[in-house]
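Listed below are the residues making up each chain.
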Amino acid sequence: MSMFRFFEKLVDPYQPYTVSNTPPRLLWPFLQDYLAPFKKIFWFLGCFSALVAAIEIVLIWYLGRLITMLSDTTPTEFWSSHKVELIVVAGFILTLRPIIQAINTLLQNNAMLPNVGTLVRYRAHRHVLGQSVSWFDNDFAGRIANRIMQTPPAMGEVVFQAFDAITFSIAYLIGAIFLLAEADSRLAIPLLIWAGLYGGLVFWTVRRVGPASEAFSDARSAVTGRVVDSYTNIHSVKMFSQDNQELNYGLEAIEKARTTFQYEMRLYTLMDIGLVALNGLLVVSVVGLGIYLWIIGSASVGVVAAGAALTTRMNGMSGWIMWALTTVFRQLGVIREGMETISSPIDLVDLPDAKPLQIEAAHISILNLTHRYGRNFGGLEDVSLEIKPGQSVGLVGASGAGKSTLIKLLLRFYDIEKGIIQFDGQNISHVTQDSLRSQIGVVQQDSSLLHRSVRENILYGRPGSSEEEMIEAAKKAEAHDFILTLEDPEGRVGYDAQVGERGVKLSGGQRQRVALARVILKDAPILVLDEATSALDSAVEADILETLYGVMAGKTVIAIAHRLSTIARMDHIVVLDEGRIVEEGTHESLLKEDGAYATFWRHQSGGFLATKKTNAV
Ligand code: ADP
């Protein structure tokens, strides 16, 4: 099978390339960009397809010659006078022709097809992974995935048809015209007229097929988007008994897909009817004209036979070519739709001269930060805050006050609209994103885990850590003992057990401990706690808090919390309201001040700060 391997390895789909944040947004440049590594293969393929077509034509021409030869000689003389020629032709058909055909197929099926799709999918996925969080927030995961899935095969199909059918057919048509013209130039006339009409039909069809297919493809991506949205949120769907509502939601998209598909299929039916009519015309005119020429004595039987064979063959082929052409344009429509995702520019990028962030003390300074998500309300407004190395700061405020926004900006999930955030004097917008995020450990309220093993989830904190380091982290997070008892349905146990999508197979407390182990392993100098324990019941929470305090030691900490037990222990407390800092100080000083914080405190219930708007102010 080294023959296959040779062809399969001609192009490496994972070869290095210049990564761009702004891939081409127009169809041709886009295709050229992605298909550039296949240029050489395309040249070879073009030549071989033309060669294969030429051989076909020559064989048909030879059929005519054979018939003429048969009718011109007697059976006894035939073999002796033509044997050399016949043996050469038979030898060619038995050896050279299959070899040429085989190389052509190997180039198409083995060198090109599997690699085109793979290259496109790999690069597209890589590009999409580079998109910012907000880019993902603005789309359906299912729709994005659908485009990543369907664009590569569409691309493969376009190139395949381009060589398999189109190059071949053009070569064939040219050959056929020559052949007929050589036999009798008058026979080429109906063929030329037919070719003109056929071209017209092709033009009519492909102009409509592209947009129709793009619309259908878009509708299909929307179906995936909606369906996947329902499945990933199945807990909410069931909780609210909304199966029917979800079905209708999906149905709307499914119906849109049907109508767009119906329109596309109408085009194919019309094309088909036109094609059959045209082909009838071709057969009748070429064969009829041939017979007429034979009757008036200006053509041989061989010419009529070759004409009949050629038109019958073209009759079959024209349908195939038409289909190939429409396939190309249909798939171009799919590609154009996929490009909306694949060619979407990445707008949150590292500066060209971005350096890695260097953290020594983990001093955070936030200067006049304003970020309103491109609107004139919401978000944060002119926030300034100094967080000293090793200090812990609690953020308090009603929901919508801007706490999460501040944290997202610290992680540079968004580019800051106005103001600066500095870590140890370095503007976080000027350092590389990877280095920035590698210095921040985040524990969230509902840490979602990856649908992989416990080990992979913990190692996510610092890939390449040793088994001992990982277990050490799990022990510190008090996760080691329960991890050892885990077993998944496939019988994998302990650290190898799979946690289910987003970690659904673990209890809230267990999930939080695995997430903590991940952050402990990461051992970043800055720690962000985003309602880290809010999802847990009090007993578990108290446990986890103790662990957390251990982790916090020596780190600069920013915590959003509603729990008094967490907040009261912070060195510094900042109260946010409608995006502004309204108070700051220690727990004691804020109580003394008797402002918003004191109100939250007075209205506390069950160990929570009463940050609901109605209670608070
Ligand atoms: P908190 O975490 O205090 O509850 P947030 O920071 O989530 O508050 O939200 C602060 C304000 O910013 C809210 O008014 C919210 O509507 C707005 N906001 C948050 N995220 C976005 C977003 N991705 N796009 C637009 N507005 C947002």
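These remarks concern the structure in this document. (Residues numbered from 1 in each chain as written. Predicted model: local features only at pLDDT ≥ 70, side-chain atom pairs only at ≥ 80, totals over all residues. Heavy atoms only, no water.)

## Let's talk about the packing of helix α2 (residues 27-35) against helix α4 (residues 75-129)
Consideration 1: Between α2 and α4, the least distance of the axes is 10 Å, while the angle of their chain directions is 105 degrees. Between α2 and α4, the crossing angle belongs to the class labelled roughly perpendicular. Contacts between α2 and α4 involve Asp33, Tyr34 and Leu35 from the first element and Val116, Leu119, Val120, Arg123 and Ala124 from the second.
Consideration 2: Per-class residue counts for the contact of α2 with α4 are 6 nonpolar, no polar and 2 charged. (Axes fitted to C-alpha atoms, helices over the stretch in contact; angles between N-to-C directions. Helix = DSSP H or I, 4+ residues; strand = E, 2+ residues; numbered from the N terminus. Parallel < 35°, antiparallel > 145°, perpendicular 65-115°, else oblique. Contact = heavy atoms within 4.5 Å. Nonpolar A, V, L, I, M, F, W, Y, C, P; charged D, E, K, R; others polar.)

## Some points on helix α14 (residues 467-476)
Consideration 1: Every buried residue of α14 is accounted for by Met470, Ala473 and Ala474. The arc that holds every buried residue of α14, seen down its axis, measures 100 degrees, which confines them to one face. For α14, exposure combined with an orientation more than 90 degrees from the buried face picks out Glu468 and Lys476.
Consideration 2: Looking at the packing, one finds that the buried side of α14 touches α13 (454-459), α15 (480-485) and α16 (508-522).
Consideration 3: Two residues or fewer after α14 comes Glu478, characterised by a positive phi angle close to 55 degrees. (Buried < 20%, exposed > 50% of the residue type's maximum accessible area, 1.4 Å probe, protein only. Arc of directions from axis to C-beta.)

## Describing the side chain of Thr311
Consideration 1: When you line up the elements, Thr311 lands in helix α10 (residues 301-342).
Consideration 2: Take Thr311: its relative accessible area is 1%, and that puts it in the buried class.
Consideration 3: A distance of 2.8 Å separates the side chain of Thr311 from the backbone oxygen of Gly307, its partner in a polar contact.
Consideration 4: Looking at Thr311, its side chain comes within polar contact range of the main-chain oxygen of Ala308, at 3.1 Å. (Polar contact = N/O pair within 3.5 Å; in protein donor to acceptor, adjacent residues only side chain to side chain.)

## A look at unusual backbone geometry
Consideration 1: Although it is not a glycine, Arg412 sits at a positive phi angle of roughly 50 degrees.
Consideration 2: Mapping Arg412 onto the fold places it in the loop between α11 (403-410) and β4 (418-423).

## Some points on the packing of α14 against α16
Consideration 1: Between α14 and α16, the least distance of the axes is 8 Å, while the angle of their chain directions is 125 degrees. The angle between α14 and α16 falls in the class oblique. Between α14 and α16 the crossing geometry is right-handed. Residue-level inspection shows Glu469, Met470, Ala473, Ala474 and Lys476 of α14 in contact with α16, the latter providing Ala517, Ile520 and Leu521.
Consideration 2: In terms of residue class, the contact of α14 with α16 is built from 6 nonpolar, no polar and 2 charged. (Left-handed = near helix turned anticlockwise from the far one by under 90°.)

## Remarks on the pairing of β4
Consideration 1: Relative to β4, strand β1 (residues 364-371) runs antiparallel, the two sharing 5 bridges. Residue pairing in the sheet places Thr370 in a bridge with Lys418 of β4.
Consideration 2: Bridge count between β4 and strand β5 (residues 426-427): 2 bridges; the pairing is antiparallel. Residue pairing for β5: Gln422 is matched across the bridge by Asn427.
Consideration 3: The turn linking β4 back onto β5 is made up of 2 residues, and Asp424 within it adopts a positive phi angle of 45 degrees. (Pairing = 2+ DSSP bridges.)

## Remarks on the sheet that holds strand β8 (residues 556-560)
Consideration 1: Across the sheet, 6 strands lie side by side as β6-β7-β8-β3-β9-β10; this open sheet has mixed pairing. Each of the sheet's edge strands pairs with one partner strand only, and the pair in question is β6 (440-444) and β10 (580-585). On average, adjacent strands in this sheet sit at an angle of 20 degrees to one another, irrespective of strand direction.
Consideration 2: Alignment of strand β3 (residues 392-396) against strand β9 (residues 572-577), held across 4 bridges, turns out to be parallel. Paired with Val396 across the two strands is Val575, which belongs to β9.

Everything listed here is a matter of coordinates, which is why it stays silent on function.
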